[in-house]
Number of protein chains: 4
Amino acid sequence: MTGHGYGADKTALTRRMNRIEGQVRGIAKMIDDDRYCIDILTQVSAATKALESVALTLLEDHLGHCVAGAVAAGGENADAKVKEAADAVRRLVRS
Amino acid sequence: MTGHGYGADKTALTRRMNRIEGQVRGIAKMIDDDRYCIDILTQVSAATKALESVALTLLEDHLGHCVAGAVAAGGENADAKVKEAADAVRRLVRS
Amino acid sequence: MTGHGYGADKTALTRRMNRIEGQVRGIAKMIDDDRYCIDILTQVSAATKALESVALTLLEDHLGHCVAGAVAAGGENADAKVKEAADAVRRLVRS
Amino acid sequence: MTGHGYGADKTALTRRMNRIEGQVRGIAKMIDDDRYCIDILTQVSAATKALESVALTLLEDHLGHCVAGAVAAGGENADAKVKEAADAVRRLVRS
């Protein structure tokens, strides 16, 4: 039991992060090998998309667990959790 | 009373949307006047940012009202509301 | 003759901007009518996407005309035009 | 001599990619350690931003070298290069 929302998908998330680490290493190698810019940009877009996709999974779990838990418990903390989640979304949208 | 989360800020939201409508009309006029592409692109980026900012306000209100309400009520609808909000975030991040 | 890159597609661009203006006005009305947040967010994402798509059209024309012209003419102005276009892309990606 | 535009900044780019690889590995470890979702999301946003920033550097170099070179040489290849660069921007904006 983790106390966080992503416990159930942890293995899948770890696998996705390992894959992204491999993508990032691959891009570094492409730069090192003087590969064609556009091909590198394609890989950067793919890695960015994969990272955002992990973020969206984490966010959904977070809304369904931490935020929902705080809301169910009520009080000031509920508002703070909602605000915190909205700020995280703001950073994602802007990044 | 609106039944939705954005009731309180409705006047402010309406004002922001009116301003965005003005920005969009301004961009159309810049194109019509053959203005310099980069200046037009700057205005398009500003309008896009303003639209996203409205979306983030709506989303925060939605999380704090509709989603929180559904979670407090519990049951299947709570999960559906969390999923629906996460999907809306996905569309925002991708757009 | 416009001196800018988007002359040829001007009618199409104007039509697209008019449609976006309609979308923005529609969103303002949805807010006024207390429509469901998620439905409004869907429309905001669509309008944002449409604006970005216009920006990408303008940018491609700009690269193919203004930037290409400056590069063909050579000299310091070529570098300045490339830098200016890259900065515009930066604002688009960040917005 | 690399034939590509990013030769001059290769060391800096490699250093930035190494740092991003470290960020990605750090995120994987945060997930493994059951760290708080919002803190993980903050790191994901930072890594995404760093990747996009590398992409923008690559793109600027590409416009200033490959695209400029093709445009200076003229002919069909110039149009193809502009189109290819615009498509890369499209993928970046959408990712």
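Provided above is the structure to which this section pertains.
Structural notes, computed from the coordinates. (Residues numbered from 1 in each chain as written. Chains lettered and ligands numbered in written order. Predicted model: local features only at pLDDT ≥ 70, side-chain atom pairs only at ≥ 80, totals over all residues. Heavy atoms only, no water.)

Focus: the interface of chain C and chain B
Reports of interface size often rely on the accessible area that becomes lost once the parts have come together.
Alright, step 1. At the junction of the two partners, chain C supplies 45 residues and chain B supplies 45 residues.
Alright, step 2. For chain C, the biggest contributors to the area lost against chain B are I31, Y36 and L41 of chain C; these three give 15% of the whole.
Alright, step 3. Our count for the chain C to chain B interface comes out at four salt bridges.
Alright, step 4. Where R25 of chain C meets E21 of chain B, a salt bridge forms, and the shortest distance between an N and an O atom there is 3.0 Å.
Alright, step 5. For the pair chain C and chain B, the number of links is 12 residue pairs in polar contact (both at pLDDT 80 or more).
Alright, step 6. Elements with a minimum of two residues in the side of chain C that touches chain B: α1 (10–32), α2 (37–73) and α3 (76–94) of chain C.
Alright, step 7. A class-by-class count of the residues in the side of chain C that touches chain B yields 24 nonpolar, nine polar and 12 charged. (Contact = heavy atoms within 4.5 Å. Buried area = accessible area lost by both parts, 1.4 Å probe. Salt bridge = Lys/Arg side-chain N within 4 Å of Asp/Glu carboxyl O. Polar contact = N/O pair within 3.5 Å; in protein donor to acceptor, adjacent residues only side chain to side chain. Helix = DSSP H or I, 4+ residues; strand = E, 2+ residues; numbered from the N terminus. Nonpolar A, V, L, I, M, F, W, Y, C, P; charged D, E, K, R; others polar.)

Describing the interface of chain A and chain D
Alright, step 1. If you look at the interface, chain A gives 45 residues, while chain D gives 45 residues.
Alright, step 2. Between chain A and chain D, the buried area comes to about 4,200 Å², and carbon and sulfur atoms account for 70% of it.
Alright, step 3. Our count for the contact surface shared by chain A and chain D stands at four salt bridges.
Alright, step 4. The interface formed by chain A and chain D holds 12 residue pairs in polar contact (both at pLDDT 80 or more) in total.
Alright, step 5. Those elements that provide at least two residues to the side of chain A that touches chain D are α1 (10–32), α2 (37–73) and α3 (76–94) of chain A.
Alright, step 6. Of the residues forming the side of chain A that touches chain D, the biggest block, 17 residues, is contributed by α2 of chain A.
Alright, step 7. A class-by-class count of the residues in the side of chain A that touches chain D yields 24 nonpolar, nine polar and 12 charged.

With respect to the relation of the copies chain A and chain D
Alright, step 1. By a simple turn and slide, chain A fits onto chain D: the slide is 0.0 Å along the axis, the RMSD is 0.0 Å, and the turn is 180°. Taken together, the rotation and translation relating the two chain copies correspond to the operation of a two-fold axis.
Alright, step 2. Interface residue correspondence from chain A to chain D reaches 100%, placing this contact among same-surface, isologous pairings. (Least-squares fit on C-alpha atoms with pLDDT ≥ 70 in both.)

Brief notes about the environment of A78 of chain D
All names here are of chain D.
Alright, step 1. As for its placement among the helices and strands, A78 is situated in helix α3 (residues 76–94).
Alright, step 2. The spacing of A78 and M17 is 61 residues in sequence and 30 Å in space, taken between C-alpha atoms.
Alright, step 3. Leaving out residues up to four positions away in the same chain, A78 has contacts with A70 and V71.

Focus on the packing of α2 of chain A against α3 of chain D
Alright, step 1. Contact geometry for α2 of chain A and α3 of chain D: axes closest at 9 Å, N-to-C directions at 10°. Comparing the axis directions of α2 of chain A and α3 of chain D gives the class roughly parallel. Crossing angle aside, the handedness with which α2 of chain A passes α3 of chain D is left-handed. Contacts between α2 of chain A and α3 of chain D involve I38, L41, T42, S45 and K49 of chain A from the first element and E84, A85, A88, R91, L92 and R94 of chain D from the second.
Alright, step 2. Looking at the contact of α2 of chain A with α3 of chain D, its residues break down into five nonpolar, two polar and four charged. (Axes fitted to C-alpha atoms, helices over the stretch in contact; angles between N-to-C directions. Parallel < 35°, antiparallel > 145°, perpendicular 65-115°, else oblique. Left-handed = near helix turned anticlockwise from the far one by under 90°.)

Details of the packing of α1 of chain A against helix α1 (residues 10–32) of chain D
Alright, step 1. Put simply, α1 of chain A and α1 of chain D touch, their axes get as near as 9 Å, and they point 175° apart. The pairing of α1 of chain A with α1 of chain D is recorded here as roughly antiparallel in orientation. Where α1 of chain A abuts α1 of chain D, its residues K10, L13, T14, M17, I20, E21, V24, R25, I27, A28, I31 and D32 of chain A lie against K10, L13, T14, M17, I20, E21, V24, R25, I27, A28, I31 and D32 of chain D.
Alright, step 2. Its residues assigned to classes, the contact of α1 of chain A with α1 of chain D comprises 14 nonpolar, two polar and eight charged.

Fair warning: the whole summary comes from geometry, so function is off the table for now.
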